[in-house]
Amino acid sequence: MNLHLENKVVIVSGGARGIGEGITRILAEEGAFPVIIGRDETDNQKLVEELMNMGLKAAFVTAELTEPNACKEAVEKVIAAYGTIHCVVNNAGVNDNVGLQYGSYAGFISSYQKNVVHYYLLVQHALPELIKNKGSIVNISSKVSETGQGDTSGYAAANGARNALTREWAVELLKYNIRVNAVIVAECYTPLYEQWVNTFDRPEKKMESITEKIPLGKRMTTAHEIGSTVAFLLSVKSSHTTGQLVYVDGGYVHLDRAL
């Protein structure tokens, strides 16, 4: 299927590793021009060089997205270098385990800075170009906004905000024909996920206990699968889809645990 993403300039926050890397790779393979915005210049450059060596288009801007001015400057750099912005994929964030009983005000606010404030700022600064191009926005969110997880109040609240912003922006931007959707992730295997699993005494048993609860295939979702759904939602092939929370999770959130 031709998604007609050729030469579309797409910002992907946190697009060099994990789920973001999967999104960047799929967009590049579809002929788009993904521009990674992330804090680690080494990771950014490594992926961009790999894609370019494959004959694909990609670029990056190194920025610490928890700093508000850095969000503005990053968007300005993308526009100055590549002329416009057609789409934004908000992906950067971290499950920082800021809980309720042992959390703190500072930690809770910091979690919002890490996980949702830059979603708002990147879109706000990119909005004039998105309006011009009748662009599209995809927010990456997490199942913890619905299922809970325990000891992660900050991350859960931030993902609830991501979902709410998706619907709010879909309404506000209707008049510009800008579509806004979210992809909800449950258990997706990434290097960071692997690092977490390896903190357990028996990582293989921990993985088994997780995958047996995933109805479809009893396996983890891949970053490639997340990326494919994101690319579809950005494309004209989903031209009448907006305000949706799309679950790419093998049925983890909604299907009966008896399965």
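Predicted model only: the values in this text are computed from it and were never measured.

### Quick notes on unusual backbone geometry
Thought 1: Of note, N97 is a non-glycine position whose phi angle comes to about 55°, a positive value.
Thought 2: The class of N97 is exposed, set by a relative accessible area of 54%.
Thought 3: Backbone geometry at K218 places phi at a positive 50°, although glycine is not the residue there.
Thought 4: Assignment of secondary structure puts K218 in the loop between α8 (203-211) and α9 (223-234).
Thought 5: Accessibility expressed as a relative area gives 37% for K218, which makes it partly exposed.

### Thoughts on the nonpolar core
Across soluble globular proteins, nonpolar side chains have a tendency to be buried as a group.
Thought 1: With 57 residues, the main nonpolar core has L27, I37, I140, V183, I226, V230 and L234 as its most contacted residues.
Thought 2: Each residue touching L27, except ones within four places of it in the same chain, is listed here: L5, V10, V12, A32, P34, A231 and L234.
Thought 3: Core analysis: the second largest hydrophobic core is formed by 9 residues, Y193, M220, Y252 and V253 among them.

### Thoughts on the packing of aromatic side chains
Thought 1: For the structure on display, the rule yields 5 aromatic pairs.
Thought 2: Ring-pair connections join several aromatic residues into one group, and the members of that group are Y189, Y193, W196 and F200.

### Side note on the environment of G55
Thought 1: Its location among the elements puts G55 in the loop between α2 (41-53) and β3 (59-62).
Thought 2: It is 36 Å that separates the C-alpha atoms of G55 and G251, two residues lying 196 residues apart in sequence.

### Some points on the pairing of strand β2 (residues 33-38)
Thought 1: Within β2, 6 of the 6 residues are buried, leaving the element largely enclosed by the surrounding structure.
Thought 2: Side chains F33, V35 and I37 project from β2 onto one buried face, and the interleaved P34, I36 and G38 project onto a second face that is buried too.
Thought 3: In terms of strand pairing, strand β1 (residues 9-13) meets β2 through 5 bridges, oriented parallel. Pairing of V12 across the sheet is with I36, part of β2.
Thought 4: For the handedness criterion, the β-α-β arrangement of β1, helix α1 (residues 18-29) and β2 is classed as right-handed.
Thought 5: Here 4 bridges tie β2 to β3, and the two strands are oriented parallel to one another.

### Remarks on the sheet that holds strand β7 (residues 245-248)
Thought 1: Read from one edge to the other, the open sheet built from 7 strands follows the order β3-β2-β1-β4-β5-β6-β7, with strand pairing classed as parallel. Either end of the sheet is taken by a strand with one partner, and the two such strands are β3 and β7. Taken pair by pair, the neighbouring strands of this sheet meet at an average axis angle of 20°, ignoring direction.
Thought 2: Pairing between strand β4 (residues 87-90) and strand β5 (residues 136-142): 4 bridges, direction parallel. In the strand pairing of β5, N90 is matched with N139.
Thought 3: The strands touched by helix α3 (residues 68-82) are β1, β2 and β3; relative to β2, the strand with the most contacts, the crossing angle is about 150°.

About the criteria used
- Residues numbered from 1 in each chain as written.
- Predicted model: local features only at pLDDT ≥ 70, side-chain atom pairs only at ≥ 80, totals over all residues.
- Heavy atoms only, no water.
- Buried < 20%, exposed > 50% of the residue type's maximum accessible area, 1.4 Å probe, protein only.
- Helix = DSSP H or I, 4+ residues; strand = E, 2+ residues; numbered from the N terminus.
- Core = buried A, V, L, I, M, F, W, Y, C linked by side-chain atoms within 4.5 Å.
- Contact = heavy atoms within 4.5 Å.
- Phe/Tyr/Trp six-rings, centres within 6.5 Å; stacked < 30°, edge-to-face > 60°.
- Pairing = 2+ DSSP bridges.
- Right-handed = clockwise from strand over helix to strand, strands pointing away.
- Axes fitted to C-alpha atoms, helices over the stretch in contact; angles between N-to-C directions.

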